[in-house]
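Chain by chain, the residues:
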Amino acid sequence: MNNKEVVLSGIRATGNLHLGNYYGALSKFVKMQNDYDCLFFIADLHALTTAPDPNALHENVRNILAEYLAAGIDPDKATIFVQSDVPEISEMYLLLNMHVGIGELMRTASFKDKARKQLGLTDDGTDIEKQIIGTDSNKRVNAGLLTYPTLMAVDILIQKAHKVPVGKDQEQHLELTRRFARRFNSFYGVDLFPEPENFNFGDHAVKVPGLDGSGKMGKSEGNCIYLIDEEKVLRKKVMRAVTDEGPKEPNQPVSQPVENLFTLMELTSAPEIVQSYRDAYADCSIRYGDLKKQLAEDILKVTTPIRERYHDIRNDDAFIARVVRQGAERARERAAKTLAEVREIMGIRKFY
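This section reports on the structure supplied with the text. Everything numeric in this text was worked out from a predicted model, so none of it was measured.

Definitions and limits used
Residues numbered from 1 in each chain as written. Predicted model: local features only at pLDDT ≥ 70, side-chain atom pairs only at ≥ 80, totals over all residues. Heavy atoms only, no water. Phe/Tyr/Trp six-rings, centres within 6.5 Å; stacked < 30°, edge-to-face > 60°. Helix = DSSP H or I, 4+ residues; strand = E, 2+ residues; numbered from the N terminus. Buried < 20%, exposed > 50% of the residue type's maximum accessible area, 1.4 Å probe, protein only. Lys NZ or Arg CZ within 6 Å of the ring centre and 35° of its normal. Pairing = 2+ DSSP bridges. Right-handed = clockwise from strand over helix to strand, strands pointing away. 1 Å grid on protein atoms, 1.4 Å probe; cavity = no way out; pocket = protein on both sides within 12 Å on 5 of 7 lines; lining within 4 Å. Points joined across faces, edges and corners; volume = space filled by probe spheres on them. Nonpolar A, V, L, I, M, F, W, Y, C, P; charged D, E, K, R; others polar. Axes fitted to C-alpha atoms, helices over the stretch in contact; angles between N-to-C directions. Parallel < 35°, antiparallel > 145°, perpendicular 65-115°, else oblique. Left-handed = near helix turned anticlockwise from the far one by under 90°. Contact = heavy atoms within 4.5 Å. Core = buried A, V, L, I, M, F, W, Y, C linked by side-chain atoms within 4.5 Å. Polar contact = N/O pair within 3.5 Å; in protein donor to acceptor, adjacent residues only side chain to side chain.

### What to know about the packing of aromatic side chains
- This model, assessed by the stated rule, comprises 8 aromatic pairs.
- Centre to centre, the rings of Phe41 and Phe81 are 5.4 Å apart; their planes meet at 20 degrees, and the pair counts as stacked. Of this pair, Phe41 sits in strand E2 (residues 37–43) while Phe81 sits in strand E3 (residues 79–82), and the two are 40 residues apart along the sequence.
- A relative accessible area of 4% means that Phe41 is categorised as buried.
- Aromatic rings pair up to connect Phe184, Phe187, Tyr188 and Phe193 into one cluster.
- The residue whose ring lies beneath Lys114 is Tyr148, and the NZ or CZ to ring-centre distance is 5.2 Å.

And the structure:
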């Protein structure tokens, strides 16, 4: 019997994975799969909230699967699956929505932000409900966006996960998942769902900065180094990274754009290399061109093996099919058991 704690994580199928995904999650998942009962999935149903092109969606799922595997996630140690391959998720999504209030969904920060973005509105202090109602009838907010937290909760609860690694922007959704679990258990007087906790990796959270001089690396910000960037492309991106005009006096504070480059170096370069460039900044002898060349070289040492494995895996149709079939079978076995329990508890019972 497997007594390991269940850990679950998913990523929306909206594009290739970048260095932030790798250091913030993937590299930790590779270590985690040895000590926990891990399920890692590609959230293609969640991606539908932005109405992606169907062909692009399918390719994104395939790409992320290959990137998961290329980064070192082992399908024999962890369950890797595609969200839509587990139809039990969709049914339980409907059932759990019967215990979720519209108001609590509309109050989530992510819904407000994304709804305004879809409608082209700004936050002028008006309640989001009023903004939506007062919008041009040709514009709409995807209903799936409103119930996104329910679907996320189902992803977690249907597998009875104990721990879920989430970033700060998803903490509110995880708290809602705990609330929905408590509500269901209390309403029916059962002890069905564990209340999942945010996974603590035992160290400080890694915030991987982008190349634009501010904020974190993100697909929507266009400041990414992708794990499968070709060498020439990657070097060009790093050489174009935002810096400043250079230190004017010894030991002056490091500007944010340059600190971002040092942060990337601390993730990818040897400690003595990082220190040599920090010392050069402190005594005003630093040359940003040299720093960027060194940084690109060290990032390539990380990404080149991943990129090469990715292309091998991406072109192996039989291997990808075997991985997702195996993952779907494992995920469905758990999900079907939980769904059957939920149906029985809610009174959805067959007469034959």
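### Examining the pairing of E2
- Taken across its 7 residues, E2 has 7 buried, putting it largely inside the fold.
- Neither face of E2 is open: one carries Asp37, Leu39, Phe41 and Ala43, the other Cys38, Phe40 and Ile42, and all of them are buried.
- Judged from the 7 bridges that link them, strand E1 (residues 6–12) and E2 form a sheet pairing that is parallel. Residue pairing across strands places Val6 opposite Asp37, the latter belonging to E2.
- Assessed by its sense of winding, the connection that carries the chain from E1 through helix H1 (residues 19–32) to E2 is right-handed.
- Two elements, E2 and E3, share 4 bridges in a ladder whose sense is parallel.

### Some thoughts on empty space enclosed by the protein
- Counted according to the given criterion, the structure contains 1 cavity of 30 Å³ or more.
- Taken as a whole, the largest cavity encloses approximately 40 Å³ of empty space.
- In terms of lining residues, the largest cavity is bounded by Thr108, Ser110, Phe111, Lys114, Leu145, Tyr148, Pro149 and His173.
- Those elements giving two or more residues to the lining of the largest cavity turn out to be helix H6 (109–119) and helix H9 (148–157).
- Counting residues per element, the lining of the largest cavity draws most heavily on H6, which supplies 3 residues.
- Split into classes, the residues belonging to the lining of the largest cavity amount to 4 nonpolar, 3 polar and 1 charged.

### Quick look at the packing of H9 against helix H10 (residues 171–188)
- Two elements in contact, H9 and H10, have axes separated by 9 Å at closest approach and are oriented at 70 degrees. As far as their axial angle goes, H10 and H9 are roughly perpendicular. As H9 packs across H10, the resulting crossing turns out to be right-handed. Mapping the contact onto sequence places Tyr148, Pro149, Thr150, Met152, Ala153, Ile156 and Leu157 in H9 and His173, Leu174, Leu176, Thr177, Phe180 and Ala181 in H10.

### Regarding the nonpolar core
- If you look at the biggest cluster of nonpolar residues, it comprises 61 residues, and the most contacted ones within it are Leu26 and Tyr68.
- Considering each element in turn, this core owes the most residues, 10 residues, to helix H14 (residues 288–314).
- Those residues within four positions of Tyr68 in sequence are excluded, and the remaining contacts are Gly10, Ile11, Leu17, Leu26, Phe40, Phe41, Ile42, Ile73 and Ile80.
- Core analysis: the next-biggest nonpolar cluster, separate from the first, contains 42 residues, Val6, Phe81, Val100 and Phe180 among them.

### What to know about H9
- Within H9, 10 of the 10 residues are buried, which leaves it mostly tucked inside the rest of the structure.
- Tyr148, Pro149, Thr150, Leu151, Met152, Ala153, Val154, Asp155, Ile156 and Leu157 are the residues of H9 that are buried.

### Section: the side chain of Glu67
- Within the secondary structure layout, Glu67 lies in helix H3 (residues 54–70).
- What makes Glu67 buried here is its relative accessible area of 0%.
- In terms of polar contacts, Glu67 uses its side chain to reach the side chain of Asn16, at 2.9 Å.
- Ignoring sequence-local partners within four residues, the contact set of Glu67 consists of Asn16, Leu17, Ile228 and Tyr310.

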